[in-house]
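Structure assessment
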Amino acid sequence: MENHYGVANLQTLRLAELEADIDKASERLLSICANDGFFWLEADQDSELGKAIAYLADFNERLFDIEEEEKRRYPFETTGRGLCSGFKAAGTEPGAFGTPDGFELYMVPYNELLIDNYPHELVGPSIVKNEQEKMALHTATYHGVGLLLLNRLSQSLGQPQYQHLASAHDPQVPTTSSLTFLKYPDQQVGNEGGHVSHTDVGTLTFLYTLSPGLQIYHPARDAWEWVEPRRNCLLVNVGDSLALMTDRKLRSSLHRVIPHPSTGGTTRHSFAYFMRPIETAPLRMAGGQVLESVEWHLRKIKVFGAPLEVQTEANGVLLGDRSGGGAAAAFPDGYDAETLMRLVFGFAAKDTGEEGGRCITLEGMLNSTDGRVVLLQEYPPPGSHQSQWHGTATLFGIVGYWMQETLLLYMEYELGVIDDINTTPVQPLV
Ligand SMILES: O=C(O)CCC(=O)C(=O)O
Ligand SMILES: [Fe+2]
């Protein structure tokens with residue numbers, strides 16, 4: 001596979017300097033979260049976080065050594081509540097190229113590990129049950145680091161409306177947070193498998209992996225860039241919920257996983273602590289609507305995980321009577337996802353006369369409470385000096401599963417094959 005991607009140049013923060021708040025660590029944290037949305041967090045090997053990473057890296061390998069049959073007893077769709085527990089088999093959702101994804105995952109929910117008197121008992125393979133206490137201990141360490149980062153961000157953001165970030169992550173209140181273990185088995189180099197382009201739904205993601213494959217989208221360079229794994233460093237990124245809680249002062253960045261040219265035939269492991277708000281935390285959406293964090297979480301996870309027949313149905317909604325190609329709905333000759341992205345931006349850029357942002361909505365695509373799902377949100381206003389790619393990340397973040405069909409729809413609109421798409425003006429962002 002031709003490797004024409006550069007390497008992302010991400011900044012590093014040391015946990016110890018954030019704890020002591022020296023060398024302007026809080027200010028740097030805010031600036032990184034507002035610009036890149038991704039950074040390295042370096043942990044001393046003998047710190048609590050260093051020990052948590054070492055334990056979970058080992059656990060990750062052992063978890064995926066067990067028979068798949070045992071993991072399949074805990075499908076994430078029906079295990080626990082809040083779609084944050086259990087197993088997803090490989091190849092069940094669209095991957096980075098629209099063909100089936102190349103990873104399996106297993107989620108261990110925060111609530112069952114750490115909330116006192118939580119009514120749902122932890123279920124799962126015996127390895128998970130047997131190591132519940134250790135996992136609880138290490139998850140608490142991760143959560144504590146997350147709270148430290150949120151407190152430092154509140155401090156740097158200053159204004160009163162941003163002082164609640166830590167309390168919206170109260171460690172004793174139910175949340176959709178989870179420890180998530182991923183395995184990309186037997187990666188074949190080429191345009192298949194991987195993990196679809198997306199933004200993370202939650203607050204902060206703490207990812208650890210020693211295998212390449214992860215890419216981050218760099219808006220200014222209009223390019224995907226590899227993340228080169230680093231030992232003893234967590235890759236931290238801002239998720240949608242934190243972007244929403246800070247009125248998008250922080251950036252939730254687009255990323256994906258594709259097979260790296262050096263990994264043909266090998267297995268890739270990664271694991272993450274997905275820190276998410278308490279279930280009842282209010283999140284103000286782009287259009288002004290306020291959703292409870294759990295509702296937002298369920299919507300977005302359903303978009304990632306919608307069953308094939310629902311997607312086929314949506315092809316009908318999105319593309320007239322085109323017979324459903326499912327996740328692998330073919331692009332027309334000569335178009336790939338990135339060409340289509342450019343087409344979308346071309347379209348967006350042409351709208352420079354608009355006041356305020358625009359959002360494209362499709363009614364009732366998901367069974368959501370208000371019957372509408374925002375598919376594309378473009379902001380700040382076209383023509384503004386600020387980046388309009390941020391809005392595009394929101395497009396991919398929310399669309400996830402539907403991304404290719406949406407792009408195809410845009411292209412058809414752009415080429416005049418269809419003459420109408422439903423656009424609804426939204427409040428400009430401040
Ligand atoms: O496996 C990876 O490196 C990234 C996984 C990821 O982005 C996710 O699970 O949200
Ligand atoms: Fe992610």
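For the chain, an unreviewed UniProt entry supplies the name Clavaminate synthase-like protein and the organism Coniochaeta ligniaria NRRL 30616. Per its UniProt entry, the chain bears the Sequence similarities (unreviewed entry) comment "Belongs to the iron/ascorbate-dependent oxidoreductase family."

Next up on the list: the overall build of the chain. Along the backbone of the chain there are 13 helices and 18 strands. Looking at the 430 residues of the chain, the share that counts as buried comes to 57%. A separation threshold of at least 6 residues defines the contact pool for the chain, and within that pool the share at least 24 residues apart is 74%. For the chain, the exposed surface amounts to about 17800 Å²; the carbon and sulfur share of it is 49%.

Within a regular strand, side chains alternate between the sheet's two faces. A large share of strand β5 (residues 104-109) lies buried, amounting to 6 of its 6 residues. Because side chains alternate across β5, one face comprises the buried residues E104, Y106 and V108, and the other comprises L105, M107 and P109, equally buried. Where strand β4 (residues 86-88) lies against β5, 3 bridges are found, and the strand directions are antiparallel. Bridging across to β5, G86 finds its partner in M107. Here β5 pairs with strand β6 (residues 178-184) via 6 bridges, running antiparallel. Along β6, the bridge assignment pairs V108 with L179.

Okay, the UniProt feature "coiled-coil region" (unreviewed entry) in the chain next. Per the UniProt record, "coiled-coil region" (unreviewed entry) is found at residues 8-35. Taken end to end, residues 8-35 has its terminal C-alpha atoms 13 Å apart, with 61% of it in helix and 11% in strand.

If you check the shell around ligand 1, you find L182, Y184, H195, H198, D200, L207, L214, H255, V257, R268, S270 and F274 and nothing else. Within the side chain of Y184, a nitrogen or oxygen atom sits 2.6 Å from an oxygen atom of ligand 1. Note that an oxygen atom of ligand 1 is positioned 2.9 Å from one of the side-chain N or O atoms of R268. Protein coverage of the free-state accessible area of ligand 1, which is 300 Å², stands at 94%. When contributions to the shell around ligand 1 are tallied by element, the ones reaching two or more residues are β6, β7 (195-198), β12 (255-257) and β13 (268-275). The biggest single contributor to the shell around ligand 1 is β13, with 3 residues. A class-by-class count of the residues in the shell around ligand 1 yields 6 nonpolar, 4 polar and 2 charged.

To continue, consider unusual backbone geometry. Positive phi, normally seen in glycine, also occurs at D186, with a value near 45°. Looking at where D186 falls in the secondary structure, it is placed in the loop between β6 and β7. Classification of D186 as partly exposed rests on a relative accessible area of 46%. Positive phi, close to 60°, is recorded for N232, a residue that is not glycine. With respect to the helices and strands, N232 occurs in the loop between β10 (223-226) and β11 (233-238). Looking at N232, the relative accessible area reads 27%, which means it is partly exposed.

All right, on to helix α7 (residues 132-157) then. Helix length check: α7 (26 residues) gives 36 Å between terminal C-alpha atoms against 38 Å at 1.5 Å per residue, within 8%. Directly after α7, the chain includes G158, whose backbone phi takes a positive value near 80°.

What follows concerns helix α2 (residues 25-35). A25, S26, L29, L30, I32 and C33 are the residues of α2 that are buried. Looking down the long axis of α2, one finds its buried residues gathered within 165° of arc, a one-sided arrangement. Against the buried residues of α2 lie β2 (12-14), α1 (15-20), β3 (38-42), α7 and β11.

Where helix α3 (residues 48-65) contacts α7, the two axes come as close as 9 Å, and the packing angle between them is 130°. Between α3 and α7, the interaxial angle falls into the category oblique. For the element pair α3 and α7, the recorded crossing hand is left-handed. Two secondary-structure elements touch here, α3 through E48, L49, K51, A52, I53, Y55, L56 and F59 and α7 through K134, M135, H138, T141, Y142 and V145. Considered class by class, the residues forming the contact of α3 with α7 number 9 nonpolar, 2 polar and 3 charged.

Looking at the element boundaries, P261 is found in the loop between β12 and β13. We classify P261 as partly exposed; its relative accessible area is 27%. Taking the C-alpha atoms as reference points, P261 and Q187, 74 residues apart in sequence, are found 10.0 Å from one another.

Moving on to the packing of aromatic side chains. Within the structure shown, the criterion is met by 10 aromatic pairs. Between Y5 and W226 the ring centres are 5.6 Å apart and the planes differ by 85°, which places this aromatic pair in the edge-to-face class. With Y5 in the segment before β1 (6-7) and W226 in strand β10, the pair connects residues that are 221 residues apart, well separated along the chain. In this structure, Y5 and W226 share a single accessibility class: buried.

Cut-offs and rules
- Residues numbered from 1 in each chain as written.
- Chains lettered and ligands numbered in written order.
- Predicted model: local features only at pLDDT ≥ 70, side-chain atom pairs only at ≥ 80, totals over all residues.
- Heavy atoms only, no water.
- UniProt positions renumbered as here; feature names shortened; annotations may be inferred.
- Helix = DSSP H or I, 4+ residues; strand = E, 2+ residues; numbered from the N terminus.
- Buried < 20%, exposed > 50% of the residue type's maximum accessible area, 1.4 Å probe, protein only.
- Contact = heavy atoms within 4.5 Å.
- Areas by Shrake-Rupley, 256 points an atom, 1.4 Å probe, with all protein chains shown as cover.
- Pairing = 2+ DSSP bridges.
- Near = heavy atom within 4 Å.
- Polar contact = N/O pair within 3.5 Å; in protein donor to acceptor, adjacent residues only side chain to side chain.
- Nonpolar A, V, L, I, M, F, W, Y, C, P; charged D, E, K, R; others polar.
- Expected span 1.5 Å × (residues − 1).
- Arc of directions from axis to C-beta.
- Axes fitted to C-alpha atoms, helices over the stretch in contact; angles between N-to-C directions.
- Parallel < 35°, antiparallel > 145°, perpendicular 65-115°, else oblique.
- Left-handed = near helix turned anticlockwise from the far one by under 90°.
- Phe/Tyr/Trp six-rings, centres within 6.5 Å; stacked < 30°, edge-to-face > 60°.

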